[in-house]
Amino acid sequence: MSTATTPTIPEPSVTGRLPALDALRAIGAVAVVGHHVGFQTAVTMNTTWGGWLARLDVGVAIFFVLSGFLLFRPWALAVATGRPRPRTERYFWRRALRILPAYWLAVVVCFVVLPGNHPVSAGDWLRHLTFTQIYGPGQLRYGLSQTWSLATEVVFYLLLPLLAVLAVGRTWRPVRTVLLTSSGALLTLAWVAMMGAGWLDNALHTMWFPSYAAWFGAGMALAAAHVALRTGTAPAAFRVLDDLASAPLACWGAALAVMAIATTPIAGPRDLTGPTAVEFGTKLTLYLVIAALITIPVAFGGQTRAKEVFSSGPARWMGLVSYGLFLWHPLVIELIYLLDDRPLFTGGFLDIFALTMVFGLAYAAVSYYGVERPLQTLGTQRRRRPAGRGPAAGPPAVPTTTAAAPATTPDVAAPA
């Protein structure tokens, strides 16, 4: 039986949004929740199928590939179509509005509410508020362990304007851009090699940006190929991406097969034991393949029924609040065990997962509608208002929201 899906409506214009990608952030966030609940309930370590839960941290790879794709795409698109390049100042402002308010609120709440964080030192406040908690051993606090990936992603945010200028150059040459962005894999390879040589700590330095440069670079390379295909400037070899996208079930089936390989010891231990350099490098490679196979059918090709599902209202709403789910679910897990006086590594997986999703989504919705969206709207209005002119003309635009990665314009993600 063919796995291809029939196009239903025309593909959006080259500068249009890619709404189906919103749902991928939700998938990444839910995967990370499952990973953490599996560890908290000890299902990860004590069951034969726990390997699948242990490898649900593949959600981080999805976040990072999406960030590379969605944040770099405007730079590639500008050069390919002759439009002005994104303004660096505006890019940083939008990133700050998207990431900082909800993150800072989560840090404050976790430090104040969770007894395990008391007393909170000045160093704890400084490190967590400035995303520097990953640069020393044992500095991640209760309810905030997941923020290592956000701290890593912030480094990519800061580097992206420079990387984008170097990758696209002055004239649009898509093959060169794809090759340059793919070179992030060389940095990751060298970094893992230094771990193998004993020059780097296999626990601490696995959280730093060079470990994941290949994931961000892969997203950037996919973005360059996407722009080339949509502007008619792609070589024939790039069309394989659209061909793959026409068979989403085949891509996702292949991703599931690679995931099955990753559940074996070849990708490292299931617990908090540090992996060897070979295990870590293998895991990075397998996760990159999985993230690419999941992303390609949603980002490339014409409009399909699969994309319609990913673009549906519920799926896109999950994408909108996925950043909040990522931020708040560890606090929810901590509170479940604290209020019920449960020992660590106990409890049923399904019960804890269901409670975490229900209350995590509730926290995420409050975070989005009460903090994230209003501040983004206010920040956009203030920047559009001419000095000394009063309110800007016209209705305010509600900014596109993201979770570790943006939806289409230089806007997270989301992080995990």
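This text goes with the structure placed above it.
Fair warning: this is a prediction, and the values are worked out from it, not measured in the lab. Residue positions within a chain follow its written sequence, with the count starting from 1. Per-residue local features of the predicted model are confined to residues with pLDDT of at least 70, and side-chain atom pairs are confined, for both listing and counting, to 80 or more; whole-chain, interface and lining totals are unaffected and use all residues. Excluded from the side-chain calculations are hydrogens and water; all other atoms, namely the structure's heavy atoms, are used.

For alanine 234, the position within the fold is in the loop between α10 (213–230) and α11 (239–245). Look at alanine 234 and you get buried, because its relative accessible area is 19%. Taking C-alpha positions, alanine 234 is 9.1 Å from arginine 173, a pair spaced 61 residues apart along the chain. Working rule for contacts: check all heavy atoms of both residues, and any pair within 4.5 Å makes them a contact. Beyond its immediate chain neighbours, meaning those up to four positions away, alanine 234 contacts Ala228 and Leu229. What counts as a helix is a DSSP run of H or I of at least four residues, what counts as a strand is a run of E of at least two, and both are numbered from the N terminus. Each residue gets one of three labels from its accessible area relative to the maximum for its type: buried under 20%, exposed over 50%, partly exposed in between, using a 1.4 Å probe on protein chains only.

So, about the packing of aromatic side chains. For this analysis, a ring pair means two rings from Phe, Tyr or Trp (six-membered ring only for Trp) whose centres lie within 6.5 Å, classed as stacked if their planes differ by under 30 degrees, edge-to-face if by over 60, and tilted for the remaining angles. Here the structure, examined in full by the defined rule, presents 24 aromatic pairs. When the ring of phenylalanine 64 is compared with that of phenylalanine 216, the centres are 4.5 Å apart and the planes differ by 20 degrees; the resulting orientation is stacked. Pair noted here: phenylalanine 64 is in helix α4 (residues 58–81) and phenylalanine 216 is in helix α10, with a separation of 152 residues, a long-range link. Considering the side-chain rings of tryptophan 75 and tyrosine 91, the 5.3 Å spacing of their centres and the 80 degrees angle between planes classify their relative orientation as edge-to-face. Pair noted here: tryptophan 75 is in helix α4 and tyrosine 91 is in helix α5 (residues 88–113), with a separation of 16 residues, a long-range link. The exposure class of tryptophan 75 is buried, given its relative accessible area of 2%. One aromatic cluster in this structure is built from Phe64, Trp148, Phe156, Phe209, Tyr212, Trp215, Phe216, Phe280 and Tyr287. Any Lys NZ or Arg CZ found within 6 Å of a ring centre and within 35 degrees of that ring's normal is scored as a charge over the ring. Seen from the ring of tyrosine 157, arginine 95 lies directly overhead, with NZ or CZ sitting 4.8 Å from the centre.

Another point: the pattern of salt bridges. We define a salt bridge as a side-chain nitrogen of Lys or Arg found within 4 Å of a carboxyl oxygen belonging to Asp or Glu. On inspection of all chains with the given rule, the structure shows nine salt bridges. Between arginine 127 and aspartate 124 there is a salt bridge whose closest N-O contact spans 3.1 Å. Of this pair, arginine 127 and aspartate 124 both sit in helix α6 (residues 122–129), separated by three residues, roughly a single helical turn. Arginine 127 sits in the partly exposed class, given a relative accessible area of 21%. Residue classification places aspartate 124 among the buried positions, given a relative accessible area of 3%. For the salt bridge of arginine 230 with aspartate 242, the shortest nitrogen-to-oxygen distance reads 3.1 Å.

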